[in-house]
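# Chains, contacts and geometry: an overview
Each chain, letter by letter, is given below.
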Amino acid sequence: MKKSVAVVIATGLLLAGCSSSKSSPKAGAGSSSTPTSSSATSASGSVPGATGPVKVAYAASLANLMEHDLGPAYDKATGGDFQGNAAGSTQLVSEIKGKVKQADVFISASTDANTGLIGDANGGWETWYATFATAPLVIAYNPNSKFAADIKSKPWNQVITESGFKMGSTDPKLDPKGKLAAQALTKDNLPASAVQVFPEEQLVGRLQSGQLDAGFFYSSEAAELNIPTVPLGDIHLQATYTVSVLNKAPDADAGVAFVQFLLGDAGKALMTKHGLQLQPIKVTGTAGSVPAPLQSLLNAG
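Presented here is an overview of the structure given in this document. (Residues numbered from 1 in each chain as written. Predicted model: local features only at pLDDT ≥ 70, side-chain atom pairs only at ≥ 80, totals over all residues. Heavy atoms only, no water.)

### Notes on the overall build of the protein
The following threshold applies: Helix and strand assignments follow DSSP, with helices taken as H or I runs no shorter than four residues and strands as E runs no shorter than two, numbered in order from the N terminus. A 1.4 Å probe rolled over the protein chains alone gives each residue an accessible area, and that area as a share of the maximum for its type sets the label: buried under 20%, exposed over 50%, partly exposed in between. A 1.4 Å probe and the Shrake-Rupley method give the accessible areas. Residues count as covered only by the protein chains that appear here.
Tallying secondary structure elements over the protein gives eleven helices and ten strands in all. Residue burial in the protein is summarised as follows: out of 301 residues, 54% are buried. Surface summary for the protein: the accessible area is close to 12,400 Å², and the carbon and sulfur share equals 52%.

Here you go:
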């Protein structure tokens, strides 16, 4: 197993502040353990013309951002072809390792997911990843629920135990958000049975349709859909978003181009629009493994 060291690259603040798919032609072949590209990017995040379709496996909490804004904007800016696959981050790790799904880029909501791809024992899918944004865990509720007044005026851990209250979460075995929700329940000595478990990509729809009174969500998901929320009191848990170009990417150059766009000015503006709290980029992995075309962007001041 390769020995990994943490490489922390301080870039200054980017800004103040886990399944759906898009049908497209199959990505071209060609990959390497340290992807490179013939086109360079500037520190401001300009993006070279895309080399082909890019397959992005991403945390489903980012579905609205990816499918409605960032993916189309990437296609328009680069002439590329964004192909998204959304699911819980842990589920995506299993699909990547099991070769069920191909991906050039992996975007997760937890660094724990990335550790499942690093090292020979995990197939050597990653040797680095960059954290770039966070989103606090909150309780989002249906304003038409008969419990809405209680949710706004009483402690959340009391309301979800009321008779008839329907609380939703994702599966902690498949999704970091579900894992965080389980931690919140444990901290307040609440049983796991206090919530109903659903796939991440179904949770919003069930809440909006009235099948659920409330659910555990990230603040960014609720903000972009104008769903009211309440905090978890003194419990502070959050998603930490990461991105990496996979070592066995079908098209590593396309993956590099997508990351350049994601972490460039246009991508940052779209992420802020969707409620993500952008953070100084922190790159973790084997020294020197970050693709050369990304080095200037990650080191940009």
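### Quick word on the pattern of salt bridges
Close approach of charged atoms lets side chains of opposite charge pair. The condition is simple: For salt bridges, the criterion is a side-chain nitrogen of Lys or Arg within 4 Å of an Asp or Glu carboxyl oxygen.
Taken as a whole, this structure holds eight salt bridges when the rule is applied. Across the salt bridge formed by K273 and D69, the nearest N and O atoms sit 2.9 Å from each other. Pair noted here: K273 is in helix α10 (residues 265-273) and D69 is in helix α1 (residues 63-78), with a separation of 204 residues, a long-range link. The buried category is assigned to D69, whose relative accessible area is 18%.

### A closer look at the packing of aromatic side chains
Which entries qualify depends on this criterion: Here a pair means two rings of Phe, Tyr or Trp (six-membered ring of Trp) with centres within 6.5 Å. Their orientation is stacked below 30 degrees between planes, edge-to-face above 60, and tilted elsewhere. Charge-over-ring contacts are defined here by two conditions on Lys NZ or Arg CZ: a distance within 6 Å of the ring centre and an angle within 35 degrees of the ring normal.
If you walk through the whole model with that rule in mind, you get seven aromatic pairs. Consider the rings of Y74 and F261, whose centres lie 5.9 Å apart with planes at 70 degrees: the pair is edge-to-face. In this pair, Y74 sits in helix α1 while F261 sits in helix α9 (residues 252-262), placing the two residues 187 residues apart along the sequence. Note on Y74: relative accessible area 0%, which makes it buried. Aromatic ring contacts, followed pair by pair, group Y58, Y74, F82, F258 and F261 into a single cluster. Cation over ring: K177 sits above Y218, and NZ or CZ is 5.2 Å from the ring centre. Just above the ring of W125 sits the side chain of K248; from NZ or CZ to the centre is 4.7 Å.

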